[in-house]
Amino acid sequence: QVQLVESGGGLVQAGGALRLSCAASGRTLSSYTMGWFRQAPGKEREFVAAHSWNGVSTNYADSVKGRFTISRDNAENTIYLQMNSLKPEDTAVYFCAGRADVATTPRASQYHYWGQGTQVTVSS
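As a convention, each chain's residues are numbered from 1 in the sequence order in which they are written. Per-residue local features are limited, in this predicted model, to residues with pLDDT of at least 70; the limit for side-chain atom pairs, both in listing and counting, is 80 or more; totals at the level of whole chains, interfaces and linings are taken over all residues. To get the side-chain values, take all heavy atoms of the structure and skip hydrogens and water.

A. Local environment of the overall build of the protein chain. Every helix listed is a DSSP run of H or I at least four residues long, and every strand listed is a run of E at least two residues long, numbered separately from the N terminus. When helices and strands are tallied, the protein chain shows 0 helices and 11 strands. Listing each helix as α and each strand as β along the protein chain from the N terminus yields β-β-β-β-β-β-β-β-β-β-β. Using C-alpha atoms as the atom set, the radius of gyration is obtained and then compared with a globule rule of 2.2 Å times the number of residues to the power 0.38. Relative to the globule expectation of 14 Å for 124 residues, the C-alpha radius of gyration of the protein chain, 13 Å, shows essentially globular dimensions. When its C-alpha atoms are laid out on the principal axes, the protein chain stretches across 40 × 25 × 25 Å.

Printed below as a string of C-alpha cells:
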C-alpha cells in the first residue's frame, strides 16, 4: 500500500504562487509515475501534470503548461507542484496520485493511489 498526503494549499491572490507537496509512505516513489489532478465543485476530476520515475518524462495539461512545474524528491519520497501565475480558474481541490508504471498518462483511472486533497483558492 501507498499512502499519500498533500499539503501546501491555501488562499492566494491572482498572479501569485503556491507550492503543493505530496508526501508518500509505504513505498519508495523512485519507480512510480506520480501525478497531480484537480477537481472544482460540480466538475470532473481534471489532469494537471505527471512525472515519471527518475524524472525521465513529464506531461502537463494545456491549461497549466508554462505556469506549473511538477518535480520529485526521491530521497524524501515527495512530489511537488509549483504553481505560478495563478488564475481564479485554478481554484479547486488538488489531489496527488501514483501508479506503478512509467507512462505519464492523463487518465485518472490509471492511477491507483490517491491523497485526500488540498484546497487551492485563487481570488481576484
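That shown, we press on.
B. Layout of the nonpolar core. As used in this record, nonpolar core signifies buried Ala, Val, Leu, Ile, Met, Phe, Trp, Tyr and Cys residues forming a set joined through side-chain atoms within 4.5 Å. Accessible area is worked out with a 1.4 Å probe on protein chains only. A residue is then buried under 20% of its type maximum, exposed over 50%, and partly exposed in between. If you look at the biggest cluster of nonpolar residues, it comprises 34 residues, and the most contacted ones within it are Leu4, Trp36, Val48, Phe68, Leu81, Met83 and Tyr94. The set of elements that each furnish at least two residues to this core consists of strand 3 (18–25), strand 4 (33–39), strand 5 (46–51), strand 7 (68–73), strand 8 (78–83), strand 9 (92–99) and strand 11 (118–123). The contact definition used throughout considers only heavy atoms, calling two residues in contact when any of these lie within 4.5 Å. If sequence neighbours within four positions are ignored, phenylalanine 68 has contacts with Arg38, Val48, Tyr60, Leu81, Gln82, Met83, Asn84, Leu86, Asp90 and Tyr94.

C. Examining the sheet that holds strand 7 more closely. Criterion used throughout: strands pair if DSSP finds at least two bridges between them. On the basis of which strands lie adjacent, the open sheet formed by 4 strands has the order 1-3-8-7 and antiparallel pairing. Looking at which strands have only one partner, the edges of the open sheet turn out to be strand 1 (3–7) and strand 7. Across the sheet, the mean angle from the axis of one strand to that of its neighbour is 15°, orientation sign disregarded. Pairing of strand 3 with strand 8, which is carried by 6 bridges, proceeds in the antiparallel orientation. From the neighbouring strand, leucine 18 faces strand 8, where its bridge partner is methionine 83. In this analysis an axis means a line fitted to C-alpha atoms, helices contributing only their contacting stretch, and an angle means the value between N-to-C directions, from 0 to 180 degrees.

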